[in-house]
Amino acid sequence: MADLRISALHKYYGNVHAVRGIDLEIPAGEFTVLVGPSGCGKSTLLRTIAGLEDANEGTIEIGGQVVNHLPPRERDIAMVFQNYALYPYMKVFDNIAFGLRSRHTPKNEIEPRVRRAAQMLAIDHLLDRYPRELSGGQLQRVAIGRAVVRSARLYLFDEPLSNLDAQLRDEMRGEIKRLHQELGKTMIYVTHDQVEAMTMADRIVLLRDGIIEQAGAPLELFERPATRYVAGFLGSPAMNFIDANLVTAGDTLALRLNDGAGLALPQRRTANLRTRVDRPVVLGVRPEHIGPATQGERPGLARYTAIIELLQPTGSRTYATFDLGGTRAVAELQAHDVSTINQQIELSIDMNRVVLIDPATNRVLS
Amino acid sequence: MTPLAGRHRVRLCLRLVAAVALTLIFMFPIYWLYMISFKTASEIYAFPPKWYPSSFNFDTYRVLFRDGDAATVGNSLIVAFCSTALAMFLGFICAYSLARFSTGGKHLANWIISQRMIPPIAVVFPIFLLYVWFGLVDTYVGVILLYTAFNLPYVIWMMRSYILDVPRALEESALVDGYTRWQVLWKVLLPMCRAGLAATTIFTFVFAWNDFIFALVLTRTEVATYTVQITHYFGGQSNFWAKISAMSVLGTLPIFVVTAFMQRYFVRGISLGAVKG
Amino acid sequence: MRSGQRGTFRERNFKYLLVGPAIFVLLLIGVFPLVYLLMVSFQGITMTETSTDFIGFANYRQLFSDARLWQALLHTVIITAIALPIELVLGLAMAQLFLDRLPGRAIFIALLVLPVVVSPIVSGATWALLFNHRFGPINQIIGWFMGRETILLWTINPNLVYPAIITAEIWQWTPFMFLLLLAALGSVDRSQIEAAAIDGAGWWRTFFRIVLPAIAPVMTVAVLIRGLDLFRLFDIVWALTQGGPGTLTETISVFTYIKGFRQFETSYTAAVALLVIVLLSTLVMYLLRRVELAR
């Protein structure tokens, strides 16, 4: 396995500046997820690492070796594609063995290696079949098997689960993560699905418009996002963003919403905010941090009276939509907390966990 | 039977009748042509015309083979085969470059397809003059070269469309696995394009086989193809109808056989890929 | 360095290498003839005159006043204008007929394909046989309907030569239209037709408002291909009438051939050939642009 270092990478497609100065260091053996919306440059970045595209500026080093000028087959990498890229006229065995054969691996070595890879992915009973006889999930396992059998130093995954249905995706996420634990190789995984990113990554790199918005461990991005974009991207349902004004309230600060309601901040959070009093600020609060008000005051919880407009039960939880200071917001409640709409309800918002965003720069205020 | 099913039955019958009638009408000329080749001279010139020979008479065929006229079919075969193979090879690799690398952009692609639009007579005339100068008239090389050149735009256009249908990921996967671009072309792409290759090959072959005007201008005695040979029998002299007919049979039968087997590739071939039959 | 191409730089040489041989061969028919024709058309080479001195635009001036040339163009246009619509409508009707399931459908289609793969010269020869005034079955059949012996000189009578040529042409190429349109009709989205049925549209309305627009792209391609082929018509005319009687059925290709290879007016023929190329190219470009706009 090898580490990966990218310095000042730029990539243009005609006039489109797809990758705009990326610096990234990935230690060996880590599972890194490149995540972001379509067009953010994540696939371009991956393909440039693979050598399927040439970078216009910057360097790519794998294991300390600069590989910019090397074709893909000399970079010792393996890749899993979104639509499997399996050869329909070859059996599964031959599909997996394809890469070994191209490197003239001796015949007696090929068979045991293929079988071992197939066993690792629980497809050893399918080796004699043709791709058209397999289901989506099985096809993806074969595609992964083809990468795994090669023993490369770097593994690249280009949105491999996008074509699978939800249930299969859940299953395969676990499989890939287990594979990483077993093999311990450096893996770079591209997806647009933030759930995949959160559950699988040792480190998340969130991309937007060709630059890195933030990189770090999943929980770090989740609990301490650097920008409004990161805060709104991770977490499902998404974070609620409410316009407010920062005002003084006794010996602490509070947020005055557009409907006049006030939400007091816990004192320990006000240290760096004194300079921003009487200026607009954006409140970011996750649905799971809005709950039913309980008896008695607890520190850091602000009360808010709301009228429920819409209910979306999922079984154990119910997502309730309501108006919060002039903006539609979602709260995650227990199923039995509320049952009908147009009902007034007392909510409490955990102000320990909210984020405050500067509307001018969209950066999160610490 | 419900009234609705009855109406459907009637419609089906009518359609069947129409289908049979149409097929008979379209097949009649071919039948007549083939039938003449088996008639004796007296039967051909019977008046009113007889619609079937009293027996299968192979005299005309024997004459054709004896006089060496049938050898022109062999010339057609050589010329069509060689030019098709060459056009398919050059066209395939060129199409790959156009499809995957957009070589030359829109301009090159448009120029290539526009070459198919050139009227043969406008091309064959200067080519003839050039060939005279180089001594290429009535040579296999000369004819094959021109057929190849004339078929290339079609091959390139068709194969480009087929190659575009193959997902890039297959080639990229092979590249990552260790193949060179050249190997990828033959080991990965070629098998994926088999249907398209078959359709294009048939059409290219049929075009070269059936061509008349190029052969008329560029061949004399050595390389005369069967189409040119047929026109040697024009001139109103009666017994030549038999030869025309027999030669036509020799020239069309191989194609009929090929078409019968390759039928399903046909639609894609003739529509320039506009319709994915 | 901004270049922003797809793929990698080392592939550049490879991709040029791939197109190289093909382009080299294509230049043979693509560029060389044009250049050569241009050169020769400004010279004065005829059957007797072999000097290669330049004589300016004389050939082109002659071209514009050559009645036979323009009549040849007219003949070509007439044949195209009559045969093409008939092929289209007939092919469409046949396609509609064979669209739904029919017993033996595959066999019918296999047989109907045959006229297309016959060499056009053979097709012309066949119809010459059929149209033969004494020994051809067509006069015989007409005689049955007329009740008396009919001797029609299809390949000589000025009133009959065009129908003869057009019939041979339609026989050979309607199956081409038929196959194309059959595939196109087969790929029309069923759900649109079903929606129209639910909305209460009758067969004709559905056909004109939904089916025809859906197959319009394919029809356009078909008309373009066949239109071009008709413009270059040579083989069938040559087999049936050799452009006769006189010059009555001379198409532009026949005219060019005779001028170049029978009368050996080399330079003049070069000018004519260039004219044909220019005409065809402008027509094609104009049509292609119309098609692009229509999309």
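Source: prediction; values computed, not measured.

**Looking at the overall build of chain C**
Assigned secondary structure in chain C consists of 13 helices and zero strands. In sequence order, the secondary structure elements of chain C are arranged as α-α-α-α-α-α-α-α-α-α-α-α-α. For chain C, the C-alpha radius of gyration of 24 Å lies well beyond 19 Å, the compact-globule estimate for 295 residues. With the C-alpha coordinates of chain C rotated into their principal frame, the extents come out at 85 × 75 × 30 Å. Taken across its 295 residues, chain C has 39% of its residues classed as buried.

**Observations concerning the pairing of strand E17 (residues 317–324) of chain A**
Taken residue by residue, a regular strand's side chains alternate between the two faces of the sheet. Residue and element names in this part refer to chain A. Strand direction decides the pairing type here: strand E16 (residues 301–313) and E17, joined by five bridges, are antiparallel. Looking across to E17, one finds that Leu-310 is bridged to Thr-321. Hairpin connection from E16 to E17: three residues lie between these consecutive antiparallel strands, with Gly-315 at a positive phi of about 115°. In this sheet, strand E18 (residues 327–334) lies alongside E17 in antiparallel orientation, the contact comprising eight bridges. What sits directly across from Thr-321, in E18, is Val-330. Counted between consecutive antiparallel strands, the loop separating E17 from E18 contains two residues, among which Gly-325 sits at a positive phi close to 55°.

**Considerations on the interface of chain B and chain C**
Listed as interface residues are 75 residues of chain B and, on the opposing side, 71 residues of chain C. The element that contributes the greatest number of residues to the side of chain B that touches chain C is helix H1 (residues 3–36) of chain B, accounting for 13 residues.

**Concerning the interface of chain A and chain B**
At the junction of the two partners, chain A supplies 16 residues and chain B supplies 12 residues. Sorting the residues of the side of chain A that touches chain B by element identifies strand E6 (77–80) and helix H2 (92–102) of chain A as the ones contributing at least two each. Looking at the side of chain A that touches chain B residue by residue, the classes come out as 11 nonpolar, three polar and two charged.

**What about the domain arrangement of chain A?**
Partitioning chain A into structural domains gives domain 1 (4–224) and domain 2 (240–365). Inter-centroid distance (C-alpha atoms) of domain 1 of chain A to domain 2 of chain A is 40 Å.

**Regarding the packing of helix H3 (residues 59–67) of chain B against helix H13 (residues 240–262) of chain B**
Residue and element names in this part refer to chain B. Put simply, H3 and H13 touch, their axes get as near as 9 Å, and they point 80° apart. By the criterion of interaxial angle, the relationship of H3 to H13 is roughly perpendicular. Seen from H3, the contacting residues are Thr-60, Tyr-61 and Leu-64; seen from H13, they are Ala-242, Lys-243, Ala-246 and Met-247. A per-class count over the contact of H3 with H13 returns five nonpolar, one polar and one charged.

**Structural notes on the packing of helix H8 (residues 158–186) of chain C against helix H10 (residues 203–231) of chain C**
All names here are of chain C. Contact pair H8 / H10: the axes reach a minimum separation of 10 Å and the direction vectors enclose 150°. The angle between the axes of H8 and H10 places the two elements in the roughly antiparallel class. In this structure, the crossing between H8 and H10 has a hand that is right-handed. Residues Trp-173, Phe-176, Met-177, Leu-180, Leu-181, Ala-184 and Leu-185 of H8 pack against Val-211, Ile-215, Val-218, Ala-222 and Arg-226 of H10. Classifying every residue of the contact of H8 with H10 gives 11 nonpolar, no polar and one charged.

**Observations concerning the environment of Leu-90 of chain B**
Mapped onto the elements, Leu-90 of chain B comes out in helix H4 (residues 71–101). Take Leu-90 of chain B: there are 25 C-beta atoms within 10 Å of it, and that puts it in the buried class. Taking the C-alpha atoms as reference points, Leu-90 of chain B and Leu-146 of chain B, 56 residues apart in sequence, are found 14 Å from one another. Apart from residues lying up to four places away in sequence, Leu-90 of chain B is in contact with Leu-152 of chain B together with Pro-21, Ala-22 and Val-25 of chain C.

**Focus: the sheet that holds strand E8 (residues 186–191) of chain A**
Residues and elements named next belong to chain A. Strand order across the open sheet formed by six strands is E6-E7-E8-E3-E9-E10, with mixed pairing between neighbours. The strands lining the two open edges of the sheet, one partner per strand, are E6 and strand E10 (211–216). Averaged over all pairs of adjacent strands, the angle between strand axes in this sheet comes to 15°, irrespective of strand direction.

**Some points on the nonpolar core**
In terms of nonpolar packing, the biggest core is built from 266 residues, with Leu-156 and Ile-349 of chain A together with Ile-156 of chain B touching the most fellow members. With 16 residues, the single largest contributor to this core is helix H7 (residues 140–165) of chain B. With sequence-adjacent residues up to four places away left out, Ile-156 of chain B is seen in contact with Gly-91, Cys-94, Ala-95, Leu-98 and Ile-112 of chain B together with Ala-22 of chain C.

**Comments concerning the sheet that holds E17 of chain A**
Residues and elements named next belong to chain A. Taken together, the five strands give an open sheet; going across it, the order is E15-E19-E16-E17-E18, and neighbouring strands pair in antiparallel fashion. Of all strands in the sheet, those bounded by a partner on one side alone are strand E15 (290–292) and E18. Strand after strand, the sheet turns through a mean of 50° between neighbouring axes, direction not considered. By the bridge criterion, three bridges tie E15 to strand E19 (residues 344–350) in an arrangement that is antiparallel. Its bridge partner being in E19, Ile-290 is matched across the sheet by Ile-349.

**Describing the environment of Val-33 of chain A**
Residue and element names in this part refer to chain A. Along the polypeptide, Val-33 turns up in strand E3 (residues 31–35). Considering only alpha carbons, one finds Val-33 and Ala-215, 182 residues apart in sequence, at a separation of 9.6 Å. In contact with Val-33, not counting residues within four places along its chain, are Tyr-189, Thr-191, Ala-197, Met-200, Ala-201, Ile-204 and Val-205.

**A few points about unusual backbone geometry**
Residue and element names in this part refer to chain A. With an omega dihedral of 0°, the bond running from Ser-236 to Pro-237 counts as a cis peptide bond. Locating Pro-237 in the fold gives a position in the loop between helix H8 (228–233) and strand E11 (240–249). Phi at Ser-151 is positive, roughly 55°, even though this residue is not glycine. Mapped onto the fold, Ser-151 is located in the loop between helix H4 (136–148) and strand E7 (154–158). Of note in the backbone geometry, Asp-278 takes a positive phi value of approximately 65° without being a glycine.

**So, helix H5 (residues 105–117) of chain C**
In an α-helix there are 3.6 residues to a turn, and that puts residues three or four apart on one side. Relative to the 18 Å expected for 13 residues at 1.5 Å per residue, H5 of chain C spans 19 Å between its end C-alpha atoms, a close match to the ideal helical length. Phe-108, Ile-109, Leu-112, Val-113, Leu-114, Pro-115, Val-116 and Val-117 of chain C are the residues of H5 of chain C that are buried.

**A short note on the pairing of strand E1 (residues 4–13) of chain A**
All names here are of chain A. Bridge count for E1 against strand E4 (residues 57–62) is five bridges, and the pairing is antiparallel. By the bridge assignment, Arg-5 is partnered in E4 with Glu-61. Relative to strand E2 (residues 16–26), E1 is paired through eight bridges, and the arrangement is antiparallel. In the strand pairing of E2, His-10 is matched with Arg-20. Between the antiparallel neighbours E1 and E2 lie two residues, among them Gly-14 with a positive phi of about 60°.

**Things to note about the environment of Arg-232 of chain C**
For Arg-232 of chain C, the location among the structural elements is in the loop between H10 and helix H11 (235–240). Spatially, the C-alpha atoms of Arg-232 of chain C and Phe-178 of chain C are 21 Å apart, while their sequence positions differ by 54 residues. Ignoring sequence-local partners within four residues, the contact set of Arg-232 of chain C consists of Pro-119 and Pro-120 of chain B together with Ser-253 of chain C.

**Examining the confidence of the model for chain C**
Residues and elements named next belong to chain C. Of the residues in chain C, 95% reach a pLDDT of 70 or more, and the chain-wide mean stands at 85. The secondary-structure element of chain C with the lowest mean pLDDT is helix H9 (residues 190–199), recorded at 80, while helix H4 (residues 67–97) shows the highest, at 94. The model gives residues 1–6 a pLDDT under 50, and that stretch makes eight contacts with residues more than four places away or in other chains. For this predicted complex, the interface confidence score (ipTM) comes to 0.85, while the overall pTM stands at 0.80.

Cut-offs applied
- Residues numbered from 1 in each chain as written.
- Chains lettered and ligands numbered in written order.
- Predicted model: local features only at pLDDT ≥ 70, side-chain atom pairs only at ≥ 80, totals over all residues.
- Helix = DSSP H or I, 4+ residues; strand = E, 2+ residues; numbered from the N terminus.
- Rg over C-alpha atoms; globule rule 2.2 N^0.38 Å.
- Buried ≥ 20, exposed ≤ 12 C-beta atoms within 10 Å, placed from the backbone.
- Pairing = 2+ DSSP bridges.
- Contact = placed C-beta atoms within 7 Å.
- Nonpolar A, V, L, I, M, F, W, Y, C, P; charged D, E, K, R; others polar.
- Domains from an automatic or database assignment.
- Axes fitted to C-alpha atoms, helices over the stretch in contact; angles between N-to-C directions.
- Parallel < 35°, antiparallel > 145°, perpendicular 65-115°, else oblique.
- Left-handed = near helix turned anticlockwise from the far one by under 90°.
- Core = buried A, V, L, I, M, F, W, Y, C linked by C-beta atoms within 7 Å.
- Expected span 1.5 Å × (residues − 1).
- pLDDT = per-residue confidence, 0-100.

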